[in-house]
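Summary of structural features
Okay, here's what each chain looks like letter by letter:
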Amino acid sequence: MRNRLVPYFFVTPAMLLLITFGILPIAVAAVISTTNMNISAFASWNNVDFVGLDNYAKLFADSDFWQALGNTGLFAVVGVPAIVILSLGTALLLNRSQSWFFRSLRAFYFLPAITAIVAISLVWSYLYNTQFGLLNYLFSLVGVPPVQWLSDPWLAKFSVALVAVWRGTGLNIIIFLAALQGVPKEYLEAASLDGAGEWRKTVSITVPLLRFAIFFVSVTTTIAWLQFFDEPFVLTDGGPLGATTSVSIFLYKEGFRLNQFGYASAGSIVLFVIIAAITLVQLRLRRADDEY
């Protein structure tokens, strides 16, 4: 009996943390989303009324929400493949040599992942500065007029996404490097004896054996981009004209600036359902691929 209980003893702390900081907040948000709760609720709970699904009806009729949802979808469609491809390509190149130089490069590529987003955004805001930024200065050397990196709606999308892709590759490079250590050397040596070149070994042996790592990075990166917040919040605050407003920024403004907690909670539940649905689809595709 004691031996059977030992695994549950080790799992219990993680389950308690998951319930406390994961499942319970979602349940609370679901309840609040059916009320008109705002800042007046802190004065008296009598100011809170049950409104049913009115917040959801209002949310789906809100053009600002649909714009934020479209922006989030665009960021995810562009950002997820970019991060996966860049991370995998960089990891393959770094894994080709075990010299001290390439080992130091691994730490260099990981730095953006551990650097504070405020510091990163401050540096990039200087680079994007229309009058004094380094990027526009380099363009001026070849006669290109100043570019409105964070003022033009479409360029602002690109500029914010670029920072997020640059920042997001560091951790995923480390994950791919760890997965590459598990590729059997015997397979690569046998392929070399058969006359296979580096490209053929990479495409036919290495990448297929990294399928689970690619799947893991794809899922976690997709979830992160659907919750896209840090970069657009610090660089543009969702502007200009809402061009970089993601769903997370929309919910933040509604909940913490306009104090519409019930309305923001409804949006958070919708975002949760979208993330859960996309993740389940990815898991189902992975299972179907394994069965095949």
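Just above sits the structure.
In what follows, the accompanying structure is described. (Residues numbered from 1 in each chain as written. Predicted model: local features only at pLDDT ≥ 70, side-chain atom pairs only at ≥ 80, totals over all residues. Heavy atoms only, no water.)

Some words on the overall build of the chain
- Looking only at helices and strands, the chain has 13 helices and zero strands in total.
- Each principal axis of the C-alpha distribution contributes one length, and for the chain these read about 80 × 75 × 35 Å.
- Going through the 292 residues of the chain one by one, you find that 36% of them count as buried.
- Look at the contacts in the chain between residues 6 or more apart in sequence, and 66% of them connect residues 24 or more apart.
- With the model as given, the accessible surface of the chain reaches about 17500 Å², and the carbon-plus-sulfur share is 70%.
- Taking the average place of the 17 positive charges on the side chains of the chain and the average place of its 16 negative ones, the gap between the two points comes to 10 Å. (Helix = DSSP H or I, 4+ residues; strand = E, 2+ residues; numbered from the N terminus. Buried < 20%, exposed > 50% of the residue type's maximum accessible area, 1.4 Å probe, protein only. Contact = heavy atoms within 4.5 Å. Areas by Shrake-Rupley, 256 points an atom, 1.4 Å probe, with all protein chains shown as cover. Lys, Arg positive; Asp, Glu negative; His and termini not counted. Charge placed at Lys NZ, Arg CZ, Asp CG, Glu CD.)

Section: the environment of Leu-53
- The residue Leu-53 is located in the loop between helix 1 (2-32) and helix 2 (54-60) in this model.
- Assessed through its relative accessible area of 61%, Leu-53 is described here as exposed.

A look at the side chain of Thr-169
- Counting through the fold element by element, Thr-169 comes out in helix 7 (residues 153-180).
- When sequence neighbours within four positions are dropped, the list of residues in contact with Thr-169 reads Ile-83, Leu-86 and Ser-87.

Observations concerning the packing of aromatic side chains
- Summed over all chains, the structure comprises 19 aromatic pairs.
- Considering the side-chain rings of Phe-75 and Trp-225, the 6.5 Å spacing of their centres and the 40 degrees angle between planes classify their relative orientation as tilted. Highlighted residues: Phe-75 in helix 3 (residues 63-94) and Trp-225 in helix 10 (residues 211-226), separated in sequence by 150 residues. In terms of burial, Phe-75 and Trp-225 fall into one category: buried.
- Ring centres of Phe-212 and Phe-215 lie 6.3 Å apart, and the angle between their planes is 45 degrees; on these two criteria the pair is classed as tilted. Taken together, the residues Phe-212 and Phe-215, both in helix 10 and three residues apart, mark about one turn of the helix.
- Cluster of aromatic residues (ring-pair linked, three or more members): Phe-60, Phe-65, Trp-66, Phe-250 and Tyr-263.
- Note that Lys-58 overlies the ring of Tyr-263, its terminal NZ or CZ placed 4.7 Å from the centroid. (Phe/Tyr/Trp six-rings, centres within 6.5 Å; stacked < 30°, edge-to-face > 60°. Lys NZ or Arg CZ within 6 Å of the ring centre and 35° of its normal.)

Remarks on the nonpolar core
- Core analysis: the biggest nonpolar cluster contains 46 residues, and Phe-176, Trp-225 and Phe-250 have the highest contact counts within it.
- Looking at this core, the elements with two or more residues in it are helix 2, helix 3, helix 5 (117-128), helix 7, helix 10, helix 12 (247-257) and helix 13 (261-291).
- Counting residues per element, this core draws most heavily on helix 3, at 10 residues.
- Beyond its immediate stretch of four places on either side in the chain, Trp-225 contacts Thr-72, Phe-75, Ala-76, Gly-79, Val-80, Ile-83, Ala-161, Ala-164 and Val-165. (Core = buried A, V, L, I, M, F, W, Y, C linked by side-chain atoms within 4.5 Å.)

Looking at the packing of helix 3 against helix 4 (residues 100-114)
- Running from amino to carboxyl end, helix 3 crosses helix 4 at an angle of 155 degrees, the nearest separation of the two axes being 10 Å. As judged from the angle between their axes, helix 3 and helix 4 are roughly antiparallel. Here Thr-90, Leu-93 and Leu-94 of helix 3 come into contact with helix 4, specifically with Phe-102, Leu-105, Arg-106 and Tyr-109.
- Of the residues assigned to the contact of helix 3 with helix 4, the class counts are five nonpolar, one polar and one charged. (Axes fitted to C-alpha atoms, helices over the stretch in contact; angles between N-to-C directions. Parallel < 35°, antiparallel > 145°, perpendicular 65-115°, else oblique. Nonpolar A, V, L, I, M, F, W, Y, C, P; charged D, E, K, R; others polar.)

Some thoughts on the pattern of salt bridges
- By the definition in use, this model includes four salt bridges.
- A salt bridge links Lys-201 to Glu-198; the nearest nitrogen and oxygen atoms lie 3.3 Å apart. Linking Lys-201 with Glu-198, this pair stays in helix 9 (residues 198-209), spanning three residues, or about one helical turn.
- On the basis of relative accessible area, Glu-198 is assigned to the partly exposed category, the value being 43%.
- Through salt bridges with shared partners, one network takes in Arg-167, Asp-230 and Glu-231. (Salt bridge = Lys/Arg side-chain N within 4 Å of Asp/Glu carboxyl O.)

A closer look at helix 4
- Under the 1.5 Å per step criterion, the end-to-end length of helix 4 is 21 Å for 15 residues, consistent within 8% with the ideal 21 Å.
- Among the structural elements, helix 3, helix 5 and helix 7 are those in contact with the buried residues of helix 4. (Expected span 1.5 Å × (residues − 1).)

Let's talk about helix 3
- The end-to-end C-alpha distance of helix 3 is 46 Å, a good match for the 46 Å that 32 residues give at a rise of 1.5 Å each.
- The N-cap of helix 3, judged by a side-chain oxygen 2.9 Å from the amide nitrogen of Asp-64 a few residues on, is Asp-62. (Polar contact = N/O pair within 3.5 Å; in protein donor to acceptor, adjacent residues only side chain to side chain.)

Some words on a nonpolar patch on the surface
- Nonpolar side chains collect at one region of the surface, where Leu-134, Tyr-137, Leu-138, Phe-139, Leu-141, Val-142 and Val-144 lie side by side and expose about 670 Å² of accessible area between them.
- Along the chain, Leu-134 turns up in helix 6 (residues 134-141). (Patch = residues over 30% accessible without salt bridge, like charges linked within 9 Å, V, L, I, M, F, W, Y side chains within 5 Å.)

Worth remembering: the numbers are spatial, not functional.
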